[in-house]
Amino acid sequence: MTVANGAMATWCRMILGMGCALLLALAANGAVAQDLSGVVITPTATGSELLTFNTNSPLTVVKSFVLSNPNRVAIDISRVDSATFKLPKPNTSQLVKAVRFGQYDATTSRIVLDLTAPAKIVATRSGSPMTVEIMATGAIKAGQKEKYKPLIFIDAGHGGQDPGAIGKHNTHEKDVTLNYTKALRDALIATGKYRVGLTREDDHFIMLPERVAIARRQKADMFISLHADSNPNPEASGLSIYTLSETASDDESAALAERENKADIIPGIDLSGTDADVASILIDLTQRETMNKSSKFADLVVKNLHPKINKLEKTHRYAGFRVLKAPDIPSVLIELGFLTNEKNEHLLLTAEYRERVVESVVKGIDRFYAGE
Ligand code: ZN
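Residues numbered from 1 in each chain as written. Predicted model: local features only at pLDDT ≥ 70, side-chain atom pairs only at ≥ 80, totals over all residues. Heavy atoms only, no water.

Trainee: Sorry if this is basic, but what is going on with the overall build of the chain here?
Mentor: For the chain, the count of helices and strands is 10 helices and 14 strands. Residues classed as buried in the chain amount to 46% of the 372 residues present. Taking the contacts inside the chain whose residues are at least 6 apart along the sequence as the reference set, 72% of them involve residues at least 24 apart. When the accessible surface of the chain is totalled, it reaches about 19,200 Å², and 55% of it is carbon and sulfur. (Helix = DSSP H or I, 4+ residues; strand = E, 2+ residues; numbered from the N terminus. Buried < 20%, exposed > 50% of the residue type's maximum accessible area, 1.4 Å probe, protein only. Contact = heavy atoms within 4.5 Å. Areas by Shrake-Rupley, 256 points an atom, 1.4 Å probe, with all protein chains shown as cover.)

Trainee: Just to check I follow, could you spell out the sheet that holds strand E2 (residues 49-55) for this structure?
Mentor: Neighbouring strands of a sheet are bound in pairs by backbone hydrogen bonds; such pairs are parallel or else antiparallel. Read from one edge of the open sheet, four strands run E1-E2-E8-E7, paired in antiparallel fashion. Of all strands in the sheet, those bounded by a partner on one side alone are strand E1 (36-43) and strand E7 (119-125). On average, each strand axis in the sheet is inclined to that of its neighbour by 20°, with strand direction left out of account. Taken together, the five bridges between E2 and strand E8 (residues 130-136) define a ladder with antiparallel strand orientation. Bridging from a neighbouring strand, threonine 52 pairs with threonine 131 of E8. (Pairing = 2+ DSSP bridges. Axes fitted to C-alpha atoms, helices over the stretch in contact; angles between N-to-C directions.)

Trainee: Help me understand the side chain of glutamate 133 in this model?
Mentor: Locating glutamate 133 in the fold gives a position in strand E8. For glutamate 133, which is buried and forms no salt bridge, the nearest opposite charge comes from lysine 120, at a distance of 8.8 Å. Of note is the side chain of glutamate 133, whose polar atom sits 2.6 Å from the side chain of serine 48. In this structure, glutamate 133 is in contact with Thr44, Thr46, Ser48, Glu49, Leu50, Lys120, Ile121, Val122 and Ala123, ignoring residues within four places of it in sequence. (Lys, Arg positive; Asp, Glu negative; His and termini not counted. Salt bridge = Lys/Arg side-chain N within 4 Å of Asp/Glu carboxyl O. Polar contact = N/O pair within 3.5 Å; in protein donor to acceptor, adjacent residues only side chain to side chain.)

Trainee: Whenever I open this one, the nonpolar core confuses me. Can you help?
Mentor: Within soluble globular proteins, side chains that are nonpolar tend to cluster in buried spots. In terms of nonpolar packing, the biggest core is built from 35 residues, with Leu188, Ile224, Ile334 and Ile365 touching the most fellow members. Discounting chain neighbours no more than four positions away, the residues touching isoleucine 334 are Ile224, Ser225, Leu226, His227, Leu239, Ser240, Ile241 and Val361. Counting 22 residues, the second largest nonpolar core, distinct from the first, contains Ile41, Leu59, Val73 and Ile134. (Core = buried A, V, L, I, M, F, W, Y, C linked by side-chain atoms within 4.5 Å.)

Trainee: Can you walk me through unusual backbone geometry in this structure?
Mentor: For residues that are not glycine, phi is negative in most cases, and the peptide bond is trans in most cases. Note the cis peptide between asparagine 69 and proline 70, where omega equals -5°. Examined against the element boundaries, proline 70 turns out to sit in the loop between strand E3 (61-67) and strand E4 (72-78). Omega for the bond connecting serine 128 with proline 129 falls within 30 degrees of zero, at 5°, which places this linkage in the cis form. Summarising the element assignment, proline 129 is placed in the loop between E7 and E8. Backbone geometry places asparagine 170, a non-glycine residue, at a positive phi of 65°. One can find asparagine 170 in the loop between strand E9 (151-156) and helix H4 (173-191).

Trainee: Quick question: what am I supposed to make of the pattern of salt bridges here?
Mentor: Close approach of charged atoms allows side chains with opposite charge to pair. In the structure shown here, the tally under the stated rule is 16 salt bridges. The closest approach of N and O atoms between arginine 100 and aspartate 114, which form a salt bridge, is 2.9 Å. In this pair, arginine 100 is assigned in strand E5 (residues 96-103) and aspartate 114 in strand E6 (residues 108-115), connecting sequence segments 14 residues apart. Its relative accessible area of 42% is what places arginine 100 among the partly exposed residues. For aspartate 114, a relative accessible area of 16% corresponds to the buried category. We note a salt bridge from glutamate 252 to arginine 317, for which the minimum N-O separation is 3.1 Å. Of this pair, glutamate 252 sits in helix H6 (residues 251-261) while arginine 317 sits in strand E13 (residues 311-319), placing them 65 residues apart in sequence. Classification of glutamate 252 by relative accessible area gives partly exposed; the value is 42%. For arginine 317, a relative accessible area of 2% corresponds to the buried category. Residues participating in the shared-partner salt-bridge network are Asp250, Glu252, Lys314 and Arg317.

Trainee: Got a minute to help me understand helix H5 (residues 208-217) in this structure?
Mentor: Think of an α-helix as turning once every 3.6 residues; residues three or four places apart then point the same way. For H5, the complete set of buried residues consists of Leu208, Pro209, Arg211, Val212, Ile214 and Ala215. Where H5 is buried, its residues meet E9, strand E11 (222-229) and H6. Once H5 finishes, lysine 219 follows within two positions and takes phi at roughly 60°, a positive value.

Trainee: Hey, could you run me through the coordination of the zinc ion in this one?
Mentor: The expected angle between donors at a tetrahedral four-coordinate metal is 109.5 degrees. At an octahedral six-coordinate metal it is 90 or 180 degrees. Donor atoms from the polypeptide that coordinate the zinc ion comprise His158 (NE2), Glu173 (OE), His227 (ND1), Glu260 (OE) and Glu260 (OE), at 2.0 to 2.4 Å from the metal. Between consecutive donor residues of the zinc ion, the sequence gaps follow H-x14-E-x53-H-x32-E. Remark: histidine 227 occurs in strand E11 and glutamate 173 occurs in helix H4; sequence separation between them is 54 residues. The buried category is assigned to glutamate 173, whose relative accessible area is 2%. (Donors = N, O, S within 2.8 Å, 3.2 Å for Na, K, Ca; no water.)

Trainee: Can you walk me through the environment of alanine 228 in this structure?
Mentor: Along the chain, alanine 228 falls in strand E11. Each C-alpha atom of the pair alanine 228 and glutamate 345 lies 9.1 Å from the other, and the pair is 117 residues apart in sequence.

Trainee: What exactly am I supposed to notice about the pairing of E11 here?
Mentor: Remember that side chains alternate between the two faces of the sheet whenever the strand is regular. Counted residue by residue, E11 has eight buried out of eight residues, so it is predominantly covered. Every second residue of E11 is oriented toward a common face, with Met222, Ile224, Leu226 and Ala228 on one face and Phe223, Ser225, His227 and Asp229 on the other, all of them buried. Pairing of E9 with E11, which is carried by five bridges, proceeds in the parallel orientation. Counterpart to phenylalanine 153 in the pairing with E11 is phenylalanine 223. Where E11 and strand E14 (residues 331-338) come together, six bridges link them in parallel fashion. Residue pairing across strands places leucine 226 opposite isoleucine 334, the latter belonging to E14.

Structure below.
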């Protein structure tokens with residue numbers, strides 16, 4: 001307004017017209033068009049939304065009120081003769097669908113906010129800029145945002161034409177892993193604290209790098225691959241849990257990782273070039289941190305194992321399993337027991353053993369996310 005008055009005063013001085021004093025008085029009263037050019041909507045920490053109306057001179061809020069059917073907020077302001085609103089970008093507002101402007105009467109202009117949900121007016125402030133704070137009434141009841149639920153990905157080892165290890169009584173590893181995967185999924189969902197994703201929930205073959213890729217695409221927070229062990233020694237027995245390492249903790253672990261990684265060597269499928277980035281592990285900082293987290297989680301699972309679960313000695317082991325190579329997702333591989341051990345094979349098929357294992361893993365996850 002200062003600039004406009006200045007320009008007008010110059011023009012007045014130039015023509016020295018008699019009516020200039022009157023024109024200047026009108027301008028000072030606001031009869032000359034103001035520029036109300038845009039509105040910016042920003043979410044606040046309390047869950048409300050703040051609308052900032054940009055204008056080149058102060059605006060006065062006369063009154064504001066809420067309307068329903070459809071849900072709207074009306075803000076009456078001292079008359080503005082022209083206004084062009086840029087609609088807020090859809091992403092910046094959960095609550096405001098559109099902003100409309102119109103002349104209400106000779107002295108009042110009205111701004112109408114079309115809403116997606118019922119809301120209340122928290123505060124209005126006259127001035128330049130003018131601000132209006134609104135909040136969804138549903139949000140008040142719900143309080144702050146719902147707590148984030150980590151996405152736990154469970155990978156049932158093997159599948160389809162790849163049965164994995166086969167027990168003396170013809171138990172296929174791929175069936176055991178799927179069975180335990182579904183039980184673990186159900187138990188995790190029942191806690192109400194986690195979301196669960198599965199790499200497979202039926203009997204089909206998935207290549208190892210693809211299992212990791214599925215979890216990464218869905219932004220998994222944790223990856224748990226389930227397997228059942230095999231060993232030339234039929235006495236070998238018990239559960240073990242593996243995390244990634246450049247070097248295997250012992251020859252047995254190295255041999256096991258080699259056997260499990262062979263799941264990709266299936267007749268008729270060309271594997272050349274599928275695993276180049278994963279095979280050459282670049283141990284950068286992210287991966288190192290992920291490996292530490294994986295290790296911590298594995299230790300928590302071991303610590304919380306049901307006392308009646310038979311553990312393989314040195315229960316937490318390290319090896320270069322391909323499915324553990326997501327650089328940014330803490331990952332473990334659990335060998336549930338030995339299918340090459342007759343007693344273990346029988347045990348793996350019992351609901352009692354399955355429940356104990358599932359309960360133990362859920363406890364480990366709980367402790368991990370409790371920050372232990
Ligand atoms: Zn396996």
